[in-house]
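Given next are the chains, with one letter for each unit.
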Amino acid sequence: MDKQLLEKYNVPVPRYTSYPPANHFHDFDAAHHVEAVDASNDAVNNLVSFYLHIPFCRHLCHYCGCNSYPMMKDEMVERYVAALHKEIDLVAAHIRKDRRIAQIHYGGGSPTAIPVRHIRALNEHLLSLLPTIDRPEIAIECHPGYLTATDWEQLVGCGFSRFSIGVQDFDEKVLQTVNRRPPLVPVNDILDIVRGAGAAVNMDFLFGLPHQTPASFQRTIEKAADLHPERLVTFSYGHVPWVHKRQLFLEQAGLPSDSDKQAMFGRAAETLRRAGYRGIGMDHFVLPDDELSIALDTKRLHRNFQGYCTLRTTGQVYAFGVTAISQLESAYAQNGKDIAAYIDALESDNLYVSRGYALSRQEQIVREVIESMMCNYHIDWNETAERLKIGVGDVKAAINNCAGTLEEMQQDGLIHLTDHSISMTSAGSPFVRNVVAALDPLMVHSTKKYSKPL
């Protein structure tokens, strides 16, 4: 994309990992959450997805935009894990037993900061509650900076089908500047251990950090491609120091320009294309026979707070732990962020919900439109109306009236418009968030702050 278009469209817009975005959440209590859980039993897609938030990190990275906290003493970690087990039981009491688990995901923080025995026990607890679909996705995010070969061998015995390894960059100068520890075990050795257990590998990278250049990031991605992980993710660093003040350290070190960030992504994408990978959504690259690739071809790709998945593994998301967000058909519910308060609440048999959002019927329609565009780069008004069992006019009435903006985006080469559909072009795909924002009624006169697409 030329410089003029980059300057025009590289403006702050929501990431749309949910709709409405989480900064629209407001006060929400446990009673409303339980009501939404009960209602979710009758959702159109009532498969079950469990998310566990492990907030602890042994070492906080300056770039981190996650809800992370310094590692606590063993006693607090034990109490936190016990609280997770209690929360699971309280919520599971409202989940109908004829439903099936499609997905389990551990995020953080660094889930692998806690002893592996806790992770094994949590998996066993979840899998004892309900039957699973065939080949459920059971995944965990891993910080390789603290895991020995023995740790990896113990992890693969916990039943995971996928490991997301947070490499971020192979350049140790970059890692040192952002306060990230490099892997303890060579990454190729990690892959051998994981694959030896029959599990798949994601490798995660971050571009837009101090000391990164288009050439240096390309070298990192070339090295990653040589390792041939099943999936590879290139996240754009979102600089939001008004939310996460530790990111101010990166301003002092110096951040790359927007044009350099765009070049990093462009070079990485081309490197991976040459290596046989295919782009999925905003930031994922997969091999052609990957389930995500097949789902994109059949317009069955989906996304939740845990990342891209297929409709086969998509479910109602029940989230546990501090700041964890449950994504249900009629509502979102987010736990509070105070670890001690979370533990105290669960030890008293109370849920710790603090924020959330009950979606109106219009917002549920808009969510369907936005998810389709964000995941599949395509929206067909007739198919969407049929899926929602409403008229095409009702779908279009729910979204923002932005015909002029869409025409302009088509003239700029970002999208292709017909009377019944919108499709992203390959050149426009990095700016799918801009297209979605144009369709979003909540963005009209919005004063909320967001990060840039690139």
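Thresholds applied
Residues numbered from 1 in each chain as written. Predicted model: local features only at pLDDT ≥ 70, side-chain atom pairs only at ≥ 80, totals over all residues. Heavy atoms only, no water. Phe/Tyr/Trp six-rings, centres within 6.5 Å; stacked < 30°, edge-to-face > 60°. Helix = DSSP H or I, 4+ residues; strand = E, 2+ residues; numbered from the N terminus. Buried < 20%, exposed > 50% of the residue type's maximum accessible area, 1.4 Å probe, protein only. Lys NZ or Arg CZ within 6 Å of the ring centre and 35° of its normal. Salt bridge = Lys/Arg side-chain N within 4 Å of Asp/Glu carboxyl O. Polar contact = N/O pair within 3.5 Å; in protein donor to acceptor, adjacent residues only side chain to side chain. Contact = heavy atoms within 4.5 Å. Pairing = 2+ DSSP bridges. Axes fitted to C-alpha atoms, helices over the stretch in contact; angles between N-to-C directions. Parallel < 35°, antiparallel > 145°, perpendicular 65-115°, else oblique. Left-handed = near helix turned anticlockwise from the far one by under 90°.

Engineer: So what about the packing of aromatic side chains? Which residues, and what values?
Structural biologist: Counting across every chain of the model gives 16 aromatic pairs. Between F207 and F265, the ring centres sit 5.9 Å apart and the planes meet at 40°, which makes this aromatic pair tilted. Here the residue F207 occupies a position in strand β8 (residues 200-207), and F265 occupies one in helix α10 (residues 258-274), the gap between them amounting to 58 residues. The same class applies to F207 and to F265, which are both buried. Among the aromatic side chains, those forming a connected cluster through ring pairs are F56, Y80, Y342 and Y352. In this structure, K223 is placed above the aromatic ring of F170, and the distance from its NZ or CZ to the ring centre is 4.5 Å. Taking the ring centre of Y308 as reference, the NZ or CZ of R303 above it sits at 4.4 Å.

Engineer: I'd like to hear about the pattern of salt bridges, residue by residue, with values.
Structural biologist: Under the counting rule described, the total for this entry stands at 18 salt bridges. D42 is paired through a salt bridge with R96; the nearest N and O atoms lie 3.1 Å apart. One end of the pair, D42, is in the loop between α2 (30-40) and β2 (48-54); the other, R96, is in the loop between α3 (74-92) and β5 (101-108), and 54 residues separate them in sequence. Of the charged contacts in the structure, one is a salt bridge between R162 and E137, with a shortest N-O distance of 3.2 Å. Placement of the pair is R162 in strand β7 (residues 162-168) and E137 in strand β6 (residues 132-142), with a sequence separation of 25 residues. Per residue, the accessibility class of R162 equals that of E137, and both read buried. In this structure, a network of salt bridges that share partners links the residues E137, R162, R231 and D290.

Engineer: I'd love a proper account of the side chain of H105, names of residues and values included.
Structural biologist: Tracing the sequence through the fold places H105 in strand β5. H105 sits in the buried class, given a relative accessible area of 8%. Within polar-contact distance, the side chain of H105 engages the side chain of E141 at 3.0 Å. Setting aside chain neighbours within four positions, we find H105 in contact with F50, Y51, L52, A139, E141 and Q306.

Engineer: Would you mind going over the sheet that holds strand β18 (residues 378-380) in detail, with residue names and values included?
Structural biologist: Spatially, three strands are ordered β18-β20-β19 in an open sheet, and the strand pairing comes out antiparallel. Unpaired on one side and paired on the other, β18 and β19 (415-417) mark the two borders of the sheet. Adjacent strand axes in the sheet meet at a mean angle of 15°, parallel and antiparallel pairs treated alike. Contacting β18 and β20 (421-424), helix α14 (residues 381-388) runs over the sheet at an angle of about 70° to β18. Sheet strands touched by helix α16 (residues 403-411): β19 and β20. Its angle to β19, the strand with the most contacts, is close to 120°.

Engineer: I'd like a rundown of the packing of α16 against helix α17 (residues 432-439), residues and numbers included.
Structural biologist: Where α16 contacts α17, the two axes come as close as 9 Å, and the packing angle between them is 160°. Regarding the angle of α16 to α17, the classification is roughly antiparallel. The chirality of how α16 crosses α17 is left-handed. On α17, the residues touching T405, L406 and M409 of α16 are N434, V435, A438 and L439.

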